[in-house]
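Structural overview for review
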Amino acid sequence: KHANSKKSGDGSIDKNNGFAIIPTQNKGLCTLCDVNVWVVCQSGLEIKWCKGCKNFRPWAAFGDKGLATKCLRCRERQREKYALQKEEKEKARLLAKSKGKA
C-alpha cells in the first residue's frame, strides 16, 4: 500500500477509494506493489504475487523465504530445470571430449 493511498483496478493511485482493488494482471503495478504482501479484507488471507506462476498465491506458499519473488513450487521447478540444464551441459562436454580423443 502506498502511504495511505489505495490502488485502483488499473494500478493507479486512488486516494478517495476506501479499499484496494487488486488488478487481475500485474501490468502497470509499481515494483513496490509487485513485491508486497496483500491482505484480503473479507478473509484476512495474506497473498503475494508469484513471478513464476504469474498469479497471486497465499503468502504461506512462499515458505521461509517470504520476501522471495517466487513461491516454493516455482523455486523447486526452477531448481530442477537448472539441474537438468547443468546435466545436459556436462553430457555434451563429455561427448565432445570423447569425440576429440577418437
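Structure: above.
In this text the structure is predicted, and so the values were computed from the model without any measurement.

What counts, and at which threshold
- Residues numbered from 1 in each chain as written.
- Predicted model: local features only at pLDDT ≥ 70, side-chain atom pairs only at ≥ 80, totals over all residues.
- Heavy atoms only, no water.
- Buried < 20%, exposed > 50% of the residue type's maximum accessible area, 1.4 Å probe, protein only.
- Helix = DSSP H or I, 4+ residues; strand = E, 2+ residues; numbered from the N terminus.
- Pairing = 2+ DSSP bridges.
- Phe/Tyr/Trp six-rings, centres within 6.5 Å; stacked < 30°, edge-to-face > 60°.
- Lys NZ or Arg CZ within 6 Å of the ring centre and 35° of its normal.
- Core = buried A, V, L, I, M, F, W, Y, C linked by side-chain atoms within 4.5 Å.
- Polar contact = N/O pair within 3.5 Å; in protein donor to acceptor, adjacent residues only side chain to side chain.
- Contact = heavy atoms within 4.5 Å.
- Axes fitted to C-alpha atoms, helices over the stretch in contact; angles between N-to-C directions.

Below, the discussion takes up the pairing of strand β4 (residues 46–50). Taken across its five residues, β4 has four buried, putting it largely inside the fold. Here three bridges tie strand β3 (residues 37–39) to β4, and the two strands are oriented antiparallel to one another. Directly across from W38, in β4, lies its bridge partner I47. When β4 meets strand β5 (residues 55–58), the two strands line up antiparallel, connected through four bridges. Opposite C50, over in β5, you have N55 as the bridge partner. The turn joining β4 and β5, which pair antiparallel and follow one another in sequence, is formed by four residues; a positive phi near 55 degrees is taken by K54.

Within the structure shown, the criterion is met by one aromatic pair. On the basis of an interplanar angle of 75 degrees and a centroid distance of 5.0 Å, the ring pair of W49 and F56 is categorised as edge-to-face. Comparing W49 with F56, the two get one shared label, buried. A cation sits over an aromatic face here: K48 above F62, 5.6 Å from the ring centre.

By size, the foremost hydrophobic cluster in this structure holds six residues: L29, C33, W38, I47, W49 and F56. Of all hydrophobic cores here, the second largest spans five residues; its members include C50, A61, F62 and C74.

Glancing now at unusual backbone geometry. Even without glycine at this site, K54 takes up a positive phi of about 55 degrees. Positionally, K54 belongs in the loop between β4 and β5. Classification of K54 by relative accessible area gives exposed; the value is 60%.

On to the side chain of R75, then. Residue placement: R75 occurs in helix α2 (residues 72–101). Only 2.8 Å separates the side chain of R75 from the backbone oxygen of K70, close enough to count as a polar contact. Once residues lying within four places of it in the same chain are set aside, the contact partners of R75 are F62, K65, A68 and K70.

Let's shift gears to the sheet that holds β4. Read from one edge to the other, the open sheet built from three strands follows the order β3-β4-β5, with strand pairing classed as antiparallel. Strands with a single pairing partner mark the edges of an open sheet, and in this sheet they are β3 and β5. Shown here is a sheet whose adjacent strand axes are inclined to one another by a mean of 40 degrees, direction ignored.

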